[in-house]
Number of protein chains: 2
Amino acid sequence: MVKYVYSFKEGNKDMRELLGGKGANLAEMTNLGLPVPNGFIITTEACNKYYENNQEISKDVIDQVFIKLSELEKETGKKLGDPINPLLLSVRSGARVSMPGMMDTILNLGLNDEVAEGYAKHHNDYRFIYDSYRRFIQMYADVVKGYPSSRFEDIINELKKEKGINDDQELSAQDMVTLTNRFKEAYVEMAKEEFPQDPKEQLIGAITAVFRSWNNERAIIYRKMHDIPHDWGTAVNVQEMVYGNRGDDCGTGVAFTRNPVTGENKLFGEYLINAQGEDVVAGIRTPKPIETLKEIMPDIYNEFQSYCKILENHYKDMQDLEFTIENGKLYILQTRNGKRTAKAAIKIAVDMVKEGLITKEDAILKVEPNQLDQLLHPNFDEESLNKASVIATGLAASPGAATGKIYFTAEDVSKAKERGETAILVREDTSPEDIKGMKDAVGILTIRGGITSHAAVVARGMGRCCITGCETLSIDLNNKTLTTKDGKVFKEGDYLSLDGTTGNVYGEMVKTKEPEISGDFEEFMSWVDSIRTLGVKANADTVRDTKQALKFGAEGIGLCRTEHMFFEKNRIFYVRKMILANNDEERKDALNTLLTIQREDFESIFKVMNDKPITIRYLDPPLHEFLPKTEKEVQELAKSLQISRAEVINRIENLKEINPMMGHRGCRLAITYPEIIIMQTKAIIEAVINVAWLGFTVVPELMIPLVSDVHELKYLKEIIIDTANNVMKEHGVKVKYKIGTMIETPRASLLADEISPEVDFFSFGTNDLTQMTYGFSRDDAGKFLTDYYEKGIFEKDPFERLDCDGVGKLVEMAVIRGKSANKSLELGICGEHGGEPSSIEFFHKVGLDYVSCSPYRIPIARLAAAQVKLKEI
Amino acid sequence: MVKYVYSFKEGNKDMRELLGGKGANLAEMTNLGLPVPNGFIITTEACNKYYENNQEISKDVIDQVFIKLSELEKETGKKLGDPINPLLLSVRSGARVSMPGMMDTILNLGLNDEVAEGYAKHHNDYRFIYDSYRRFIQMYADVVKGYPSSRFEDIINELKKEKGINDDQELSAQDMVTLTNRFKEAYVEMAKEEFPQDPKEQLIGAITAVFRSWNNERAIIYRKMHDIPHDWGTAVNVQEMVYGNRGDDCGTGVAFTRNPVTGENKLFGEYLINAQGEDVVAGIRTPKPIETLKEIMPDIYNEFQSYCKILENHYKDMQDLEFTIENGKLYILQTRNGKRTAKAAIKIAVDMVKEGLITKEDAILKVEPNQLDQLLHPNFDEESLNKASVIATGLAASPGAATGKIYFTAEDVSKAKERGETAILVREDTSPEDIKGMKDAVGILTIRGGITSHAAVVARGMGRCCITGCETLSIDLNNKTLTTKDGKVFKEGDYLSLDGTTGNVYGEMVKTKEPEISGDFEEFMSWVDSIRTLGVKANADTVRDTKQALKFGAEGIGLCRTEHMFFEKNRIFYVRKMILANNDEERKDALNTLLTIQREDFESIFKVMNDKPITIRYLDPPLHEFLPKTEKEVQELAKSLQISRAEVINRIENLKEINPMMGHRGCRLAITYPEIIIMQTKAIIEAVINVAWLGFTVVPELMIPLVSDVHELKYLKEIIIDTANNVMKEHGVKVKYKIGTMIETPRASLLADEISPEVDFFSFGTNDLTQMTYGFSRDDAGKFLTDYYEKGIFEKDPFERLDCDGVGKLVEMAVIRGKSANKSLELGICGEHGGEPSSIEFFHKVGLDYVSCSPYRIPIARLAAAQVKLKEI
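Residues numbered from 1 in each chain as written. Chains lettered and ligands numbered in written order. Predicted model: local features only at pLDDT ≥ 70, side-chain atom pairs only at ≥ 80, totals over all residues. Heavy atoms only, no water.

Section: the overall build of chain A
Then, in step 1: Looking only at helices and strands, chain A has 36 helices and 31 strands in total.
Then, in step 2: Its C-alpha atoms give chain A a radius of gyration of 32 Å, near enough to 29 Å, the size a compact globule of 873 residues would have.
Then, in step 3: In terms of principal-axis extent, the alpha carbons of chain A reach across some 105 × 60 × 50 Å.
Then, in step 4: A fraction of 69% describes how many contacts in chain A between residues 6 or more apart in sequence connect residues 24 or more apart.
Then, in step 5: Charged side chains of chain A number 110 positive and 135 negative; the gap between the two group centres comes to 2 Å. (Helix = DSSP H or I, 4+ residues; strand = E, 2+ residues; numbered from the N terminus. Rg over C-alpha atoms; globule rule 2.2 N^0.38 Å. Contact = heavy atoms within 4.5 Å. Lys, Arg positive; Asp, Glu negative; His and termini not counted. Charge placed at Lys NZ, Arg CZ, Asp CG, Glu CD.)

So, in structure tokens, the structure goes:
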């Protein structure tokens, strides 16, 4: 018989696949002797079984739950449904990895009319127990039945109006009884049946609801964002309730063992006296800093600090804890590795190495490569910042700088993003429904909530800049305006700038500048580089990008796209002239001008590169991409070529293609117009010769794109060699260079052993390879991929993350075949996957020599490369 | 040392790779004891060496030529350059397979001033020897030096004018001497040097010219058309001249051992008395039928007939011979397997089996599958034909029926074809320069030339309808008109119709009808079917096509494209309504109408199929293909949907795609709009149920297109099964059906083992697979593939003939992986390659169960399938 339910004592931290992260840690803490309320865990397997079984919870799971329930009753000395000494339960989700706020929770389970009344009488505490009961009814109605919470909120507001009070705190014991009764009436109205009085029925209902919440929309979106497989399922934690809201010797809070924003080694957190745990996270009351607890409850504070130490030493990582104080007794409700900013991640990792807690290798594995992105993107330019006016200051919840137009709903932000705007989401507070808007925003600003509020936690996870608790601002949702305490009004679409590192909000656009990189970062990256074996190069076409790339640690340029040099204002005209030339002479004229321009471009880049390797790709896009798009440009060109406007338009029409992605581009262009590849080869070789006089030794790697047949390559290779020889002869010098090809059509992969003997290197173009392997165009796939995600057909975008099963098979095939026919073949990848960690892992494993990615992804790639190397050992 | 030169005695017919077809056969005939003028052969290897060696003939080849020359001089008792008894030579090309008229030939080599004068004096025959000399000068200037022949023609015409004569025959001996002198002067003028007097220099020049002619443009085009590899090279045959133009006891002719048009077992050919061989082929003088030779030279005729018998028995095939009679002695100059019409090919094959000459298996291998095409295409509808007026009658040179607009140059025909017209090429006579135009024409009409003229031979090879020798018509090239003997004038672009089976030319468009299939054909195809193991099905979407397919022997429908049912006039409107519906109700309405229509379509086809298997593909093309293209249609739709014209245009714009080939189509459509696949499944299953009442048992094979991931398939399969179950439940019956998928993306091939367990069958869509594997769009590739052919990068169009190396590898992979995970998987192919013989060979070898092709290709596919099976044994 499969075991579907584990008591806390039966588990440990290594069982997270089965018990979920929360459950495994509760078990671990129990066995460490920490004060954890007792309970049991229903496994992720039971969840998967629930889905296999047409969303029905199976009898053997129920049976095992009731056995564990009996044990729990025995241990606690309480009994579910007992009116004098009732066992009250929390029922919480817990997946393998934390998905904060994504799934459902039910508290105070076990209450019914009899228990509430019995307990109230026996303990003489009507207010507490009926407060709990009414909360339970509302949660149960919402989570298990899906009835709107607002219905219950309305009842509370009504009662408060009747009584003329503002604050929930002011509600009396009698009010709580009244609320409970009115809630039950509302429940009957919606459910057409009484609120369930059988605590066991309540329990199974709640467990089922948690299973079901695994597949609610926001959970699905969250998993997609974080690459969490849909088939992992969630575990369910059933645990004895403890209460932080039974008086002033009670309280609840959350804390990190170190600062999750800066990484500072100091307890960081907040708490509320006389409150339920959800109150802290929800951000409805603004909590107090954890330090102040030291004064109010010094013993509790010291006890808590000692647990923090124990847990950090045990888990060897910064912990994120939830605790509750019930009538002067401390309970730890949860621990997990804490989410942190990239800056904090680096500092914590480096500090822990220095503290002797972990090794350098451990440190490297502790930082999520994608997170580094936060560190590398621009901050505000200080000069501009000084001139800008601060309209408010909130909590610095997630660092970074964001400037954008403000919108007041997640939906409006998403729409603005679709229009191509950069948008900032402004909300009272955020809830899991806002996830998509938060993702689409460049920054998030909330009026309420602390640094552990939903907005703050989610934003840090996403690397979005976020300011919370900015209480001096007020929102008018009807008129879509934001007003400062001075009465200044910002309308929807107005610009704000957020500084997530200081919490300052600026009432205008503020210029940004390059980030400064800390000493911890440098040290950490030096460990990274000493481990990794995979090379990391950059895709860069300009001097600016090249400098940026070198600063971020690129070992060379893996892709220099020559067409980008063509698009600049003064040049595009000659490109157009070349394309539409009336005769050979005109074409030669245009080509000569372009030759001069390209040669100079290459010289500038070569000087910056300082002898590092550079791979230059020949012209790739279809010619029509260069042609005039506006009437003005058409007329200009017509005039210059001395042909009619109609003729220009006619020639443009002739160059149009039905499927340009698979059209006349890449090496196909060079075959039709050898003069282009001749010009480009000349420009490169001449530039090499020119910088040689300045003491630079460049060995350019010339790359032919979009090859699908070895004969294309042979034909062009001959032209390149002839041209290079001519240039060298003319200048009376010898120059070294390499010739290689992109592998970006399936055919090139399949026939790599025919191609490799002809070249010095392969560079995989996984963007095009993905398009052709799936047979879908990146430009058009957006339309249907949304349906694919919604219907669970695709888990992730294959353009973002390499499809290792399909596209990866072609890469691997090309590596094996290519190497078999040319032992000294160099192998790289220059598609966008070159900067994506899971893809980098794959590239390392199949034996590529390097990845090439955009400059800002370089540190990410370096770290990912080191991590895969470490995992290998 | 490599042997580059073989005497005829040293060779045999099996050495055609080395000696070329002509050389190998000359050697074979020599060894059979037939009267063949003596000579030797320079091998194809020498030709390849010439090209490897930068187009220079190497010294060892020259040395070996001179050694063989000495032997030849010894055997003939003549000597090259001897003024009394000179050896005169022909130098001819000879590739592995015949390429008639494509490469160069030089005759009368060995003549110079001294030889001509010496011979003339000694034999007292000035006219003959100077006629030969002037011909040699002209040929040498043309072939070796590339000077225009027209320059020499002008000199002849000038002299004829001076003398007041019309016919070359009337030129006197003195005239020939004059011509020779004037030719030499013209030569000096063009070459800036004297005509070469050293016969050995002439010989090496001529050999080099033949090598060079292997790569002339028309030869390259011919090879491309006939799939002859460019690296085969040509051999060169050097042979003692014999002369058919030394008097009335001389002559020359060509003959087929059987009729190459009808296949009748009767000598078929023509000859000219007192003429050179080239005169017959060139079509300048109209020759006499071979039968008449029996009366003029009965002994020669009988001797020739006996050689025909010997050769046919020896080669076990119909032979095409060239002969010359020199002063009453018969020489055989060439034999080769004769080209023939499809009808003749079938009849000859069947007859030879009945004669006991060959086996049925031999017969099957003797017919070129592609040729059957000729038999299957429409002939003229007799009723229309009877009403049409015959404006002229020529020789029925190549059968078939053609109606089209007339053009007078090959170039104009090609341009007309590009414009989408069907064009007929009308010429005085054709020459190898016209090849491309002949290919682009639907029919060819020449004023001069016999049934073995260039036009006739090439047209038969291509399967083009052709009428030659239509001497009552006259062409005015300047005004681009064709005039009948009655003075009726046809301008460029006017319609003519050609009946290649009767030789009749009609001065208008004539309707066509289905071909009738002969008893020989039926018998032959029954042998074919008894041999082949590969199934042959048809791509057919209509009752008409289905009937046609069954008539041609299809064993089922391998591809029924449901979208074609949508395009018909009354239906497209509902399709548009479905696509642009304002709401679900409108969409449902449209879908219901389409359901009725599709169900009826399927019922009609099922009835015709008579229980044969049928594979139905779900909607495949992107929806925008169905949308209105004209203003009228847009307005109609706007009115019906009660939306504005602008809104319709807006929705059309929204559906546009950048790369529609890789866009929202195939299974991607069904995933976004499951209602379409539900409707189609309903229509199919209901149709099956409806025809079941009529006694038909249909097991439809439902095919999902463009799958690239198993999850797409699983998702749709579930919908199909649910829908089918619902229909069956509703009707209270059970229906069998299969579910399969097209394999047409590289990813589906790579992951075939994930996909195959989910399906009953795979059907390869090699059109799309080719596009994606190469990464080029068929719609756009035309623009650059021309350059690819010209530059020798591609030999052939991969859309016409499967690329076995690349695309084929994916097919093979999918077969192996697919079968490994599903032993009972059925495998077919329904791309256009399914009707192309070399591709069929590949499909058989990798183990497919069937090919599916267009109805007209069915017999071709059957024959190709039988041939590959026979080759296997």
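Read on for the rest.
Details of the packing of aromatic side chains
Then, in step 1: As enumerated under the stated definition, the model contains 60 aromatic pairs over all chains in all.
Then, in step 2: Geometrically, the ring pair formed by A:F128 and A:Y243 is edge-to-face, given 4.7 Å between the ring centres and 85 degrees between the ring planes. Within this pair, whereas A:F128 is found in helix α5 (residues 126-143), its partner A:Y243 is found in the loop between β5 (234-240) and β6 (251-256), the two being separated by 115 residues in sequence. Just as A:F128 is buried, A:Y243 falls in that class too.
Then, in step 3: With centroids separated by 6.3 Å and ring planes inclined at 70 degrees, the aromatic side chains of B:Y133 and B:F195 adopt a geometry described as edge-to-face. You can see B:Y133 sitting in helix α5 (residues 126-143) and its partner B:F195 sitting in the loop between α7 (173-191) and α8 (199-213), a full 62 residues away along the chain.
Then, in step 4: On the basis of relative accessible area, B:Y133 is assigned to the buried category, the value being 0%. (Phe/Tyr/Trp six-rings, centres within 6.5 Å; stacked < 30°, edge-to-face > 60°. Buried < 20%, exposed > 50% of the residue type's maximum accessible area, 1.4 Å probe, protein only.)

Details of the packing of helix α24 (residues 584-609) of chain A against helix α28 (residues 674-692) of chain A
All names here are of chain A.
Then, in step 1: One can describe the packing of α24 onto α28 by two numbers: an axis separation of 8 Å at closest approach and a directional angle of 40 degrees. Accordingly, the angle class assigned to the pair α24 and α28 is oblique. Handedness of the crossing formed by α24 with α28: right-handed. Mapping the contact onto sequence places R587, L591, L594, L595, Q598, R599, F602, E603, F606 and K607 in α24 and E675, I676, M679, Q680, K682, A683, I684, E686, A687, V688, N690 and V691 in α28.
Then, in step 2: Along the lines of polarity and charge, the residues of the contact of α24 with α28 split into twelve nonpolar, three polar and seven charged. (Axes fitted to C-alpha atoms, helices over the stretch in contact; angles between N-to-C directions. Parallel < 35°, antiparallel > 145°, perpendicular 65-115°, else oblique. Left-handed = near helix turned anticlockwise from the far one by under 90°. Nonpolar A, V, L, I, M, F, W, Y, C, P; charged D, E, K, R; others polar.)

Details of the interface of chain A and chain B
Then, in step 1: Every contact between the two is made by 49 residues of chain A and, on the other side, 49 residues of chain B.
Then, in step 2: Contact between chain A and chain B buries roughly 4,400 Å² in total, counting both sides, with carbon and sulfur atoms accounting for 57%.
Then, in step 3: The tally of links between chain A and chain B comes to two salt bridges.
Then, in step 4: Its salt-bridge partner being A:D803, residue B:R747 comes within 2.6 Å of it at the nearest N-O pair. (Buried area = accessible area lost by both parts, 1.4 Å probe. Salt bridge = Lys/Arg side-chain N within 4 Å of Asp/Glu carboxyl O.)

Topic: the sheet that holds β6(A)
All names here are of chain A.
Then, in step 1: In spatial order, the strands read β8-β7-β6-β9-β10; together these five strands make up an open sheet with antiparallel pairing. The outermost strands of the open sheet, each flanked by one partner alone, are β8 (288-289) and β10 (329-337).
Then, in step 2: Across eight bridges, strand β9 (residues 319-326) lies against β10 in antiparallel orientation. Within β10, the position partnered with Q319 by the bridge is N337.
Then, in step 3: Sheet strands in contact with helix α12 (residues 298-315) are β6, β9 and β10, and its direction is about 30 degrees off that of β10. (Pairing = 2+ DSSP bridges.)

Let's talk about the pattern of salt bridges
Then, in step 1: By the definition in use, this model includes 116 salt bridges over all chains.
Then, in step 2: Between A:K9 and A:E75 there is a salt bridge; the shortest N-O distance is 2.7 Å. Of this pair, A:K9 sits in the loop between β1 (5-7) and α1 (16-32) while A:E75 is found in helix α3 (residues 59-76), placing the two residues 66 residues apart along the sequence.
Then, in step 3: Under the relative-accessibility criterion, A:K9 is labelled partly exposed at 46%.
Then, in step 4: Among the ionic pairs, B:E411 bridges to B:K415, the shortest N-O distance being 3.9 Å. With B:E411 and B:K415 both in helix α17 (residues 410-418) and four residues apart, this pair spans about one turn of that helix.
Then, in step 5: Taking the relative accessible area as the measure of exposure, B:K415 reaches 42% and is therefore partly exposed.
Then, in step 6: One salt-bridge network, in which partners are shared between bridges, spans A:E563, A:R617, A:D620, A:R665 and A:D768.

A few points about the relation of the copies chain A and chain B
Then, in step 1: Of the transformation placing chain A onto chain B, the axial shift is 0.1 Å and the rotation is 180 degrees, giving an RMSD of 0.2 Å. Expressed as a symmetry operation, the mapping of one chain copy onto the other fits a two-fold axis.
Then, in step 2: Most of the interface of chain A is mirrored in chain B: 100% of its interface residues are interface residues there too. (Least-squares fit on C-alpha atoms with pLDDT ≥ 70 in both.)

Here we look at the environment of B:E17
Residue and element names in this part refer to chain B.
Then, in step 1: Relative to the helices and strands, E17 is located in helix α1 (residues 16-32).
Then, in step 2: It is 51 Å that separates the C-alpha atoms of E17 and M565, two residues lying 548 residues apart in sequence.
Then, in step 3: Aside from chain neighbours lying at most four places away, what touches E17 is T44 and R96.

Quick look at α1(A)
All names here are of chain A.
Then, in step 1: Its 17 residues place the ends of α1 only 17 Å apart at the C-alpha level, less than the 24 Å of an ideal helix rising 1.5 Å per residue.
Then, in step 2: Along α1, the helix axis deviates most sharply at K22, where the bend reaches about 80 degrees.
Then, in step 3: When you tally the buried positions in α1, you get twelve out of 17 residues, the bulk of the element.
Then, in step 4: When we look at burial in α1, the residues that qualify are L18, L19, G20, G21, K22, G23, A24, N25, L26, A27, E28 and M29.
Then, in step 5: Immediately downstream of α1, the backbone of G33 shows phi near 85 degrees, a positive value. (Expected span 1.5 Å × (residues − 1). Bend = angle between axes of the 7 residues up to and from the residue.)

Observations concerning unusual backbone geometry
Then, in step 1: Despite not being glycine, A:D611 shows a phi value in the positive range, around 75 degrees.
Then, in step 2: A relative accessible area of 39% means that A:D611 is categorised as partly exposed.
Then, in step 3: Residue B:N327 is not a glycine yet carries a positive backbone phi of 45 degrees.
Then, in step 4: Along the chain, B:N327 falls in the loop between β9 (319-326) and β10 (329-337).
Then, in step 5: On the accessibility criterion, B:N327 (39% relative accessible area) is partly exposed.

Re the side chain of A:T562
Residue and element names in this part refer to chain A.
Then, in step 1: Inspection of the secondary structure assignment puts T562 in helix α22 (residues 562-566).
Then, in step 2: Residue T562 is classed as buried on the basis of its relative accessible area of 1%.
Then, in step 3: Polar contacts involving the side chain of T562 include one to the side chain of Q680, which spans 3.0 Å.
Then, in step 4: Those residues in contact with T562 that sit more than four places away from it in its chain are Q598, F602, I616, R617, Y618, L619 and Q680. (Polar contact = N/O pair within 3.5 Å; in protein donor to acceptor, adjacent residues only side chain to side chain.)

Considering the pairing of strand β7 (residues 268-273) of chain A
Residues and elements named next belong to chain A.
Then, in step 1: Within β7, six of the six residues are buried, which leaves the element mostly enclosed by the surrounding structure.
Then, in step 2: Of the two faces of β7, the one carrying F268, E270 and L272 and the one carrying G269, Y271 and I273 are both buried.
Then, in step 3: Here six bridges tie β6 to β7, and the two strands are oriented antiparallel to one another. Residue pairing in the sheet places V254 in a bridge with E270 of β7.
Then, in step 4: With two bridges connecting them, β7 and β8 associate as antiparallel partners.

Describing the packing of helix α28 (residues 674-692) of chain B against helix α29 (residues 710-731) of chain B
Residue and element names in this part refer to chain B.
Then, in step 1: Remark: α28 packs on α29, axes separated minimally by 9 Å, with the N-to-C direction vectors making an angle of 40 degrees. Taken together, the axis directions place α28 and α29 in an arrangement best described as oblique. By crossing handedness, the relation of α28 to α29 is classed as right-handed. Residue-level contacts link P674, I677, I678, T681, K682, I685, E686 and I689 of α28 to Y715, L716, I719, I720, T723, A724, V727, M728 and H731 of α29.
Then, in step 2: The residue makeup of the contact of α28 with α29, split by class, is twelve nonpolar, three polar and two charged.

Considerations on α8(B)
Residues and elements named next belong to chain B.
Then, in step 1: Across its 15 residues, α8 extends 21 Å between first and last C-alpha, which sits within 8% of the 21 Å expected from 1.5 Å per residue.
Then, in step 2: Burial runs high along α8: twelve of the 15 residues are buried.
Then, in step 3: The complete set of buried residues in α8 reads P199, Q202, L203, I204, G205, A206, I207, T208, A209, V210, F211 and S213.

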